[in-house]
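As a plain string of letters, each chain reads:
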Amino acid sequence: MKAGNTGNGAGKKGVPHHSRIYSDLSGVYDHVFMPIFARRIESVVAGLDIQSNARVLEVGVGTGLSLDAYPPHCRVTAIDLSTEMLARAEAKRDPWQHRHIELRQMDALALEFEDGAFDFVTAFHTVTVVPDPRKLVAEMARVCKPGGQIVIINHFSSERPVIRAFVDLADPLTRVLGWSTRLRLGDVLQGSGLDLEQRYKTSPFSLFTIVEARKFQPPGAATQLRGTDQARAS
Ligand SMILES: C[S@@+](CC[C@H](N)C(=O)[O-])C[C@H]1O[C@@H](n2cnc3c(N)ncnc32)[C@H](O)[C@@H]1O
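Please read all numbers here as calculations on a predicted model, not as lab measurements.

Undergrad: Got a sec to walk through the packing of aromatic side chains? Specific residues and values, please.
TA: This model, assessed by the stated rule, comprises five aromatic pairs. Ring plane angle 45° and centroid distance 4.7 Å describe the contact between Tyr 29 and Phe 33, whose orientation is recorded as tilted. Placement of the pair is Tyr 29 and Phe 33 together in helix H1 (residues 20-46), with a separation of four residues, close to one helical turn. Phe 33 matches Tyr 29 in its accessibility class, with the two residues each being buried. Here Phe 113 and Phe 118 contribute two aromatic rings whose centre-to-centre distance is 5.0 Å and whose plane-to-plane angle is 90°, an arrangement assigned as edge-to-face.

Undergrad: Lay out helix H3 (residues 133-143) with the relevant residues and their values.
TA: For H3, the set of buried residues is Pro 133, Leu 136, Val 137, Glu 139, Met 140, Ala 141 and Val 143. Those residues of H3 that are buried lie in contact with strand E2 (55-59), strand E5 (118-124), strand E6 (144-154), helix H6 (185-189), strand E7 (194-200) and strand E8 (209-215).

Undergrad: Let's hear about the pairing of E2: which residues, and what values?
TA: Burial of E2 is extensive: four of the five residues sit out of reach of the surface. Where E2 lies against strand E3 (residues 75-80), five bridges are found, and the strand directions are parallel. Opposite Val 59, over in E3, you have Ile 79 as the bridge partner. Across four bridges, E2 lies against E5 in parallel orientation. When the bridges of E5 are listed, Val 56 appears paired with Phe 120.

Undergrad: Describe H1, listing the residues and the values that go with them.
TA: Between its terminal C-alpha atoms H1 stretches only 31 Å, short of the 39 Å expected from 27 residues at 1.5 Å a residue. A maximum bend of about 75° is found in H1 at Ser 26. Restricting attention to buried positions, one finds in H1 the residues Tyr 22, Ser 23, Ser 26, Tyr 29, Asp 30, Phe 33, Phe 37, Ala 38, Arg 40, Ile 41, Val 44 and Val 45.

Criteria and cut-off values
Residues numbered from 1 in each chain as written. Predicted model: local features only at pLDDT ≥ 70, side-chain atom pairs only at ≥ 80, totals over all residues. Heavy atoms only, no water. Phe/Tyr/Trp six-rings, centres within 6.5 Å; stacked < 30°, edge-to-face > 60°. Helix = DSSP H or I, 4+ residues; strand = E, 2+ residues; numbered from the N terminus. Buried < 20%, exposed > 50% of the residue type's maximum accessible area, 1.4 Å probe, protein only. Contact = heavy atoms within 4.5 Å. Pairing = 2+ DSSP bridges. Expected span 1.5 Å × (residues − 1). Bend = angle between axes of the 7 residues up to and from the residue.

Okay, here's the thing in structure tokens:
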């Protein structure tokens, strides 16, 4: 695992560490969440059209429940702030099977990548966990290339008032896990330069919504082709 400059602040004076909860939970995380989360991530990633050599960034990779989901023909950088969560992901990372995946310690709110570096930027069960979800989505959009895709799995507040009021009753409980039920999708997408393509649930009763959005590409702007697209075009 490569350590990023703005990495985990646990024990480091003056560096904020927003994911203490997940560091503390890392030992039990897989037992509690793996059965549901991993299946959902796999079905969402399988539905993406990830081309050969596409560059993928996952923010908040946690214990690495997504590692098996990414096809070996793409190149994945997966980051998390928590040393403990990343250590679990590293333990799952098979040097051969997951050789297309690099794990790095980094703050998702201050990504150390240049603008437009990635074809896909994903965040699974992470957007509500950070202290500034709008900043997180803005950072995801910044490092996504124009025309590239942002894929988020998260709970967002329902558009339907009755459901919203009902789910909000759980807010004090979910805050124990560091996330709020009150985040609205419209609020995080506002001003992000992302066009919402689809939002859906994998089951009607699921608390989680899958959001696929595309970074705005100015009309007439040349598509930044990568991988097989580039080979086909040449
Ligand atoms: C609920 S877990 C989700 C983990 C994984 N994506 C999954 O679906 O199992 C949220 C993750 O976000 C990470 N996290 C919280 N704040 C972060 C930040 N500012 N930068 C990077 N990762 C962060 C936590 O350490 C934790 O691993």
